[in-house]
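Residue-level structure breakdown
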Amino acid sequence: MTLTTKNALLALAATASLAFAGAAYAAGGGSDSSQTQCGNGKVYDEASKSCVDQKSELNDDTIYNAARQFALAGKYDDALKMLKRAKNQNDTRILTYYGYTNRKLGNVDVAFDYYNRAISADADNLLARSYMGQGLVQQGKLEEARAQLVEIRDRGGKGTYAYEALYEALKSGSTY
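What counts, and where the lines are drawn
Residues numbered from 1 in each chain as written. Predicted model: local features only at pLDDT ≥ 70, side-chain atom pairs only at ≥ 80, totals over all residues. Heavy atoms only, no water. Helix = DSSP H or I, 4+ residues; strand = E, 2+ residues; numbered from the N terminus. Buried < 20%, exposed > 50% of the residue type's maximum accessible area, 1.4 Å probe, protein only. Contact = heavy atoms within 4.5 Å. Core = buried A, V, L, I, M, F, W, Y, C linked by side-chain atoms within 4.5 Å. Phe/Tyr/Trp six-rings, centres within 6.5 Å; stacked < 30°, edge-to-face > 60°. Lys NZ or Arg CZ within 6 Å of the ring centre and 35° of its normal.

1. Let's talk about the overall build of the chain
In terms of helices and strands, the chain carries nine helices and two strands. Counted from the first residue to the last, the chain has its helices and strands arranged as α-α-β-β-α-α-α-α-α-α-α. Each of the 176 residues in the chain was classed as buried or not, and the buried ones make up 42%. For the chain, the proportion of contacts with a sequence separation of at least 24, taken over those separated by at least 6, is 52%.

This is how it looks when you write it as C-alpha cells:
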C-alpha cells in the first residue's frame, strides 16, 4: 500500500468518525439513552423516570429532550410536533430546535427566523449561533458563517460542540 493510499484511507476514516460523532451530538451535546429506550411512540419523562405516552402532560424540559432525540433520529416532523407542545414557546432552547429542525427539513429561511429569535433573547446561545452558521454554510455565505464562529469563540465557546461543529462545517462544507 502506497503512502498516498494509506493517507487517503486515514483521511476517510477520520471523516467517517467525525460524521458519526456529529450525528450523535447533532442536537447540541451528548445523547440521553433513556430517550431511545422508550419505543412505541413513548417519550422519557424525567419527572416520573419512566416512558410515557406522547399525549401525556409533559413539562418543557421533557418536551425539549424528546424533541432533541427525535431530531437526532432524523424524525423532524415528530420533533416539530413535540416542540409545539412546549408551554414556553420563547424558551431559547425550544427556538433553537425549531430552527435546527426546520433547517434539516430544508426550510432555511424559517430556521434563520428561529435562530435570530433565540439569539436576540440570549446572545450567548452558542448552539443557535452554530446552527445558524451551518445554515449559512449551506447557502454558501461563508463570511457570515465565519462571523458566527468568531462570535462563538469570543463568547467563550472555543472547544465546545457549537464551535467545533461550525468549524468543521466551514472546513468541509458538510453540516450537522
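Still to come is the rest of the account.
2. Observations regarding the nonpolar core
Among the nonpolar cores identified, the biggest contains 41 residues, and Met82, Leu83, Tyr97, Tyr100, Tyr115 and Leu166 are the most heavily contacted of them. Mapped by element, the contributors of at least two residues to this core are α3 (60-72), α4 (76-83), α5 (92-104), α6 (108-121), α7 (126-138), α8 (142-157) and α9 (161-172).

3. Here we look at the packing of aromatic side chains
By the definition in use, this model includes nine aromatic pairs. Summarising the aromatic geometry, the rings of Tyr97 and Tyr100 are spaced 6.0 Å apart at their centres and angled 65° between planes, so their arrangement reads as edge-to-face. In this pair, Tyr97 and Tyr100 both sit in helix α5, three residues apart, roughly one turn of the helix. You'll find Tyr97 and Tyr100 in the same group, each marked buried. Measuring from ring centre to ring centre gives 4.7 Å for Tyr100 and Tyr131, while their planes differ by 40°; the resulting arrangement is tilted. Taken together, the positions of Tyr100 in helix α5 and Tyr131 in helix α7 put the pair 31 residues apart, joining distant regions of the chain. With respect to class, Tyr100 is no different from Tyr131; both count as buried. Here a set of aromatic residues connected by ring pairs shows up, and it is made of Tyr64, Tyr97, Tyr100, Phe112, Tyr115 and Tyr131. Over the ring of Tyr64 we find Arg93, and its NZ or CZ is 4.4 Å from the ring centre.

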